[in-house]
Amino acid sequence: LICPYILGSLWKKKVFNIDFWIGAILLMSIFHIVSGTGTFGRVFLVKDKKTRGFFALKAMKIPDVIRLKQEQHVHNEKEVLTEVNHPFLVRLFWTHHDDRFLYMLMEYVNGGELFSYLRSRGRFSNSTGMFYSAEIVCAIEYLHSKEIVYRDLKPENILLDNEGHIRLTDFGFAKKLSERTWTLCGTPEYLAPEVIQSKGHGRAVDWWALGILIFEMLAGYPPFFDDNPFGIYQKILAGKLEFPRHLDFYVKDLIKKFLVIDRARRLGNMKNGADDVKKHRWFKSVDWDSVPCRKLKPPIVPKVSHEGDTSNFDTYPEDEWKKDTPVPAKDLEIFKDF
Ligand SMILES: *[C@@H]1O[C@H](CO)[C@@H](O)[C@H](O)[C@H]1NC(C)=O
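Since this is a predicted model, take the numbers as computed values, not measurements.

Attention now goes to the side chain of Asp331. Along the chain, Asp331 turns up in helix α11 (residues 329-332). A residue is classified by how much of its surface remains accessible, and Asp331, at 19% relative accessible area, is buried. Polar side-chain contacts of Asp331 include one of 3.2 Å to the side chain of Lys330.

Rendered as structure tokens:
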């Protein structure tokens, strides 16, 4: 498999010749259970025998993928990750399936989840929050330029690399906005104007989520919360925002502009797209060209002792997970291209 690869901070294109087969991968330790709709996968830290490089191998049980109706999600994730190449997005090198599992071989991002840093610190300072926000803006702008909506922005899905730069991971909900998406999803007579013009259709959800994320990073809790999902939905729709007193004046303005219910008036989703976000006063000090070159100084540098260090993740003991019966051929058919 030959894949284009951008080397860390050097930002130079280089072609790697990766030749892997499942037998060359060593299962070392399980460090993360893929959560969300249920446990249908695990991520293993693996090592390539030849190059001694470390990778994250996501292995998903085919019967569970089918039971939890995740077929479309895993296909979306593969489709999207195969197409993208950006310093703030996790890299996918290879996919494979056998008669029990689907496999995705990804870059191992060893700094841990932004979520754990946020929980252990309570909240981030204004400048720390701005660093992550700026890198995320670049990642979202890039995805949107490729007609991809991420749809799952949250602190658990933002990893830090060994230097402290972000890497978005988990593209299970990401979706390519194709003609298919909107012709199949509605009857022509009933389509909204923005759907017909395919102007910002769908992208707006990522800017909304960024508003929630910036609030949570700086406040330490999300703007709309309740004991049950219904209560949360009610609060979202009511749209009443209460800011902690310490928040910077401009960031409050930015958050308010993201959390606009009418998506046609939501910052990031208007005529100038991400440029409107970049021009916002809170980001005044940011030199946007240098952000994707990883030139902003990370406020948190993860403690990483070596490339394969797993101390920034929770680890789980090895269990019986591999002892499953093979999947019937008709079920495998769904994944023949994986
Ligand atoms: C927050 O950060 C912005 C951008 O660096 C800066 O302009 C502003 O003064 C900061 N606010 C506070 C309260 O530190």
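Within the structure shown, the criterion is met by 18 salt bridges. In this structure, the salt-bridge partner of Glu77 is Lys58, at a minimum N-O distance of 3.0 Å. Of this pair, Glu77 sits in helix α2 (residues 71-83) while Lys58 sits in strand β5 (residues 54-61), and the two are 19 residues apart along the sequence. According to the relative accessible area criterion, Glu77 is buried, its value standing at 2%. The shortest N-O distance in the salt bridge between Asp99 and Arg100 comes to 3.2 Å. On the basis of relative accessible area, Arg100 is assigned to the partly exposed category, the value being 27%. Bridged by salt links that share partners, the residues Glu107, Asp161, Glu163, Arg167 and Arg294 form one connected network.

Taking burial as the measure, the eight residues of β5 include seven buried ones, the bulk of the element. Examined bridge by bridge, β5 and strand β7 (residues 101-107) share seven bridges and lie antiparallel to one another. Opposite Leu57, over in β7, you have Leu105 as the bridge partner.

This brings us to the confidence of the model for the protein chain. The pLDDT averaged across the protein chain works out to 79; a share of 77% of its residues lies at or above 70. Within the protein chain, no element has a lower average pLDDT than strand β1 (residues 2-6), which sits at 31, and none a higher one than helix α10 (residues 274-278), at 98.

Conventions and cut-offs
- Residues numbered from 1 in each chain as written.
- Predicted model: local features only at pLDDT ≥ 70, side-chain atom pairs only at ≥ 80, totals over all residues.
- Heavy atoms only, no water.
- Helix = DSSP H or I, 4+ residues; strand = E, 2+ residues; numbered from the N terminus.
- Buried < 20%, exposed > 50% of the residue type's maximum accessible area, 1.4 Å probe, protein only.
- Polar contact = N/O pair within 3.5 Å; in protein donor to acceptor, adjacent residues only side chain to side chain.
- Salt bridge = Lys/Arg side-chain N within 4 Å of Asp/Glu carboxyl O.
- Pairing = 2+ DSSP bridges.
- pLDDT = per-residue confidence, 0-100.

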